[in-house]
Each structure stands twice: as structure tokens, then as C-alpha cells.
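Coordinate inspection notes
Each chain is listed here by its residues.
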Amino acid sequence: MVKDIKLKVDAKFVNKYRGGFPLIFSDAISNLKDLKEEGSVVKLVDEKNAFIAKGYYGKQNKGYGWILSKNEQETFDKKFFKNKITAALSRRANLFADEETTAFRVFNGEGDGVGGITIDYFEGFYLINWYSLGIYHYREAIIEALKESVDFRGIYQKKRFDAKGQYMMEDDDFVAGERGEFPLIVKENGVKFAVYLNEGAMVGVFLDQREVRKTIRDKYAKGKTVLNTFSYTGAFSVFAALGGATKTTSVDLANRSKPKTIEQFSLNGIDYDAQDIIVEDVFHYFKYAGRKNLKFDLVVLDPPSFARSKKVVFSADKDYTKLLKEAIAITEDDGVIVASTNSSSFGMSKFKGFIQKAFEDSGHNYTIVEQFSLPEDFRTVKEYPQGNYLKVVFVKKLSL
Ligand code: SAH
């Protein structure tokens, strides 16, 4: 049995934790060195040793674990997790009832009361993401709690924690129930996606962009030429094509992106030969498009927060302005750039600063026409706004 550990909260941060801040982070704690085994229950106390809250120790890039309760007597057992899970499920009742959408998030970490874990739903299957060895320590209680709370076909998991410096990718992510046959075909607002729950970290679709995809399809695609950069499996391209885009161009560096994108188009009855699917570094593609004088009506930018290709390192907080300038140069006047980032290292106002700078430097005016953060199923808490990492801004480039 791992022992409870008392963590002393620096006086400056006591009110923050009393107010419900959920993350244990190094600046706030004076005796972090007492943390030994991940999964240990920790009790935060103030300078007079008075109890503030309790949680667990689990190392993530964000911090050292999460607060789970303000009740000193609480035990983190199956019953505790079952209460959290059933509350989370009932908040998603509308999504469970929606026949046009069969893939969404059912449990979003600290937003649903337990930081370090997320659970996604895919057409009868549940996928658990464990973000630290610390939360994985509670796996039995959590998996049992989930099994008792839902009807499921199968349960899969991803261990996204760093053990001894190595990313843990298992050969088999199957946990319980029946094994899926992959691709599993799920729906999102009536559009099909092929999902693979047992092939590495990414399953084929990023569920947090649901509203953005719908908006592109329903309001921005008709009659437009669309460039989708960092396109992965082409999800934005598929929605744009279904919304009546005259043509989509998808660009991604990864070889797998081409067959994956063809698969998504085909599933939805779109002739993929009429679309361009290009395996290339986005920055090379911008140069090519510039030389050929190509222009697009709608340009989607959804880069990873950080990526290293052969020659280039891209980091959203340093390079987003540059990326935008490249996009502005190949966007038609009155065209729209969908600027998206999932970087949690900056917020919406800084992101809008990048947009302003890029348009200023390019000598163009612009107007913001839509704006999104995480959808409701990616629940966040007001005490931890950093959890709301997604920022998507639709920017119209105005003619001079
Ligand atoms: N926009 C996608 C998700 C992007 S995931 C969607 O909505 O589904 C990030 C993708 O960026 C990965 O597929 C990765 O292969 C690609 N990528 C990373 N660096 C790149 C680069 N320099 N040029 C092109 N693609 C890149």
C-alpha cells in the first residue's frame, strides 16, 4: 500500500487551491521531493498544516498530479470513480441520444473531476487515455467503475505516459469486452469516419474539432476551393467536400495520410480522384503554390503544437505568425483562413495577436468571422482555464 503524503502549499497559492484549482504544480509546493511513488495519495496542507484538498501524484508535462477531492475522508476507490463517471455520462445524454454522432468524449479529465484521464466513445466502444503512471495506478477501480456504468461492446486504452523516458506504445491496447473489427465506422453529424482503436496513439479523428468541421461544411465550403494543411486523415477536407467545395487539396507530411484520406473520402461516397491529396511538407507546398500562383478560397491551418520534420522545427508559439503569413499569401481576397491551434502554452488573446501581426506584416486587412474553443463534451472547469486548449478562429482576408 502506498502511503498518503502531505504536500505543503506555499502561502501564495493556498487560496488558489481552496478556490478549486485542480493541478499540483511545482511552484506551489515546497516539499515536492517527498513525492516518491506515482499513484500515492497526496494531501495538500497550508502553512499551519490545515487540510486543503487531496489528490494523487502523477507526473505529466503539465504538473505533478491532480486534486480529486476537498473531503479529507474521501477514498479513491471504485465508488468514487463511478460517481464521477456517471455524472460525466449524464452530462453527455444529448450526444448519446444523437444518432448522427456516434463518436465523442465522455470523460474529460479535470473537467469531469479526475485530471490525468480521458474517455472517448466510439460507436459502442470506449477508449481510455491514461496520461500518467499515477492515474494508471487506479486502473482497476476506474475500469470496473466504467464497466458498471455503461453498456459497452469493448474497452481499449492508450498509455500516454512517459516511463523511464520512453513513450509507452503497446502492441495491444485491448482491455475488455469484445475486440473491435477495425476500421470501426463512426458518425459525426452524419459523416462517416474510419477509426482504428488498436494502431498507435492517434485513432483517425480528433474529436475536439466537431463543431469546426460542421461549420465548414454548413457555412463555408459551398462552391469554394479548399486547402487543408496538416490534414492527417483529411477530416476537414471530407466535410468541405460534402459541403459542396469545388475541390479540396489536403497536404500532410506523413505517408500514411494519403491512404487514410482516400479511405475517409471513399467511405463518404466522394470521388477522391477529383481531390488533391499531397504528401509533402506544408512549408514546401506553400512555396510551390506561390510559384504556381495558386490561390484558395478557404485555407485550414491546424498544425501540431510542436513538430520536427527533416529540416524544419515548427512550434506553434514561435512560428504561428509565419505560418499565417504563408497562408495569407495564397488565400483569395475575401477568402477565409481557419486558424486552429491546440497549444496550451498560450491563450486566445495571444493567438489573436499572432493573427493581427501576420495580417499587418502582409499588408492586408481582416475580420474575424467565427471563433471556437473546446466543444461541450470536452468539459473544462473555470478554475483551470488552461484546460481549454483549443483555439480556432475563422479570419476573412479583406480585399484592399
Ligand atoms: N488537422 C488534422 C489533424 C492534424 S494532426 C485533423 O483535423 O484531423 C498533425 C498532422 O500534421 C500530422 O498528420 C502530421 O503528419 C502533420 N505534420 C506535421 N508537420 C508537418 C509539416 N511540416 N508538413 C505537413 N504536415 C505536417
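Residues numbered from 1 in each chain as written. Predicted model: local features only at pLDDT ≥ 70, side-chain atom pairs only at ≥ 80, totals over all residues. Heavy atoms only, no water.

1. Things to note about the packing of helix H9 (residues 282–291) against helix H10 (residues 316–329)
Across the interface, H9 lies against H10 with an axial gap of 10 Å and an inter-helix angle of 30°. It follows from the interaxial angle that H9 and H10 lie roughly parallel. Here H9 runs over H10; the crossing is left-handed. Taking contact as the criterion, the partners of Val-282, Phe-283 and Phe-286 in H9 are, on H10, Lys-322, Leu-323, Glu-326 and Ala-327. (Axes fitted to C-alpha atoms, helices over the stretch in contact; angles between N-to-C directions. Helix = DSSP H or I, 4+ residues; strand = E, 2+ residues; numbered from the N terminus. Parallel < 35°, antiparallel > 145°, perpendicular 65-115°, else oblique. Left-handed = near helix turned anticlockwise from the far one by under 90°. Contact = heavy atoms within 4.5 Å.)

2. Here we look at the sheet that holds strand E17 (residues 296–301)
Judged by pairing direction, the sheet is mixed, and its seven strands sit side by side in the order E16-E15-E14-E17-E20-E22-E21 without closing on themselves. Every other strand in the sheet has two partners, leaving strand E16 (276–279) and strand E21 (366–372) as the edge strands with one partner each. On average, adjacent strands in this sheet sit at an angle of 15° to one another, irrespective of strand direction. Here strand E14 (residues 225–229) pairs with E17 via four bridges, running parallel. Bridge assignment links Thr-229 to a residue of E17, and that residue is Leu-301. Helix-sheet contacts for helix H6 (residues 210–220) involve E17, strand E20 (331–341), E21 and strand E22 (391–397), and the interaxial angle to E21 is about 130°. (Pairing = 2+ DSSP bridges.)

3. What to know about helix H2 (residues 78–91)
In a regular helix each residue adds 1.5 Å, so 14 residues correspond to 20 Å; H2 covers 20 Å between its end C-alpha atoms and thus fits that length. Taken residue by residue, H2 has Phe-80, Phe-81, Ile-85, Ala-88 and Leu-89 as its buried positions. Viewed end-on, H2 has its buried residues packed into an arc of 165°, placing them on one side of the element. Facing away from the buried surface of H2 by more than 90 degrees, the exposed residues are Lys-79 and Ser-90. In this fold, the buried residues of H2 make contact with strand E4 (65–69), helix H3 (93–97), strand E5 (103–108) and helix H5 (139–149). (Expected span 1.5 Å × (residues − 1). Buried < 20%, exposed > 50% of the residue type's maximum accessible area, 1.4 Å probe, protein only. Arc of directions from axis to C-beta.)

4. Examining the sheet that holds strand E6 (residues 117–122)
Here five strands make up an open sheet; going across it, the order is E5-E6-E7-E8-E11 and the pairing mixed. Each having just a single partner strand, E5 and strand E11 (174–177) make up the two edges of the open sheet. Looking at each pair of strands side by side, their axes are set apart by 20° on average, direction ignored. As paired strands, E6 and strand E7 (residues 125–130) are joined by six bridges and run antiparallel to one another. Looking at the pairing, Asp-120 lines up with Leu-127 of E7.

5. A word on the pairing of strand E15 (residues 247–252)
Burial analysis of E15 places five of its six residues in the buried class, which makes it a mostly covered element. Between the parallel pair E14 and E15, the chain is carried across by helix H7 (residues 235–242), and the sense of this crossover is right-handed. You can see the chain leave E15, run along helix H8 (residues 257–267) and come back into E16, and the turn it takes is right-handed. (Right-handed = clockwise from strand over helix to strand, strands pointing away.)

6. Describing the domain arrangement of the protein chain
Once the domains are mapped, the protein chain shows domain 1 (5–69), domain 2 (78–189) and domain 3 (206–397). Domain 2 and domain 3 are separated by 28 Å when their C-alpha centres are compared. Each partner contributes to the interface: domain 2 provides 17 residues, whereas domain 3 provides 15 residues. Of the roughly 1400 Å² buried between domain 2 and domain 3 on both sides combined, carbon and sulfur atoms contribute 55%. Contact with domain 3 buries surface across domain 2, with Glu-110, Glu-188 and Asn-189 losing the most and accounting together for 39% of the total. Counting the contacts that link domain 2 with domain 3 gives one salt bridge. For the side of domain 2 that touches domain 3, the elements supplying multiple residues, two or more each, are E5, E6 and strand E12 (184–188). (Domains from an automatic or database assignment. Buried area = accessible area lost by both parts, 1.4 Å probe. Salt bridge = Lys/Arg side-chain N within 4 Å of Asp/Glu carboxyl O.)

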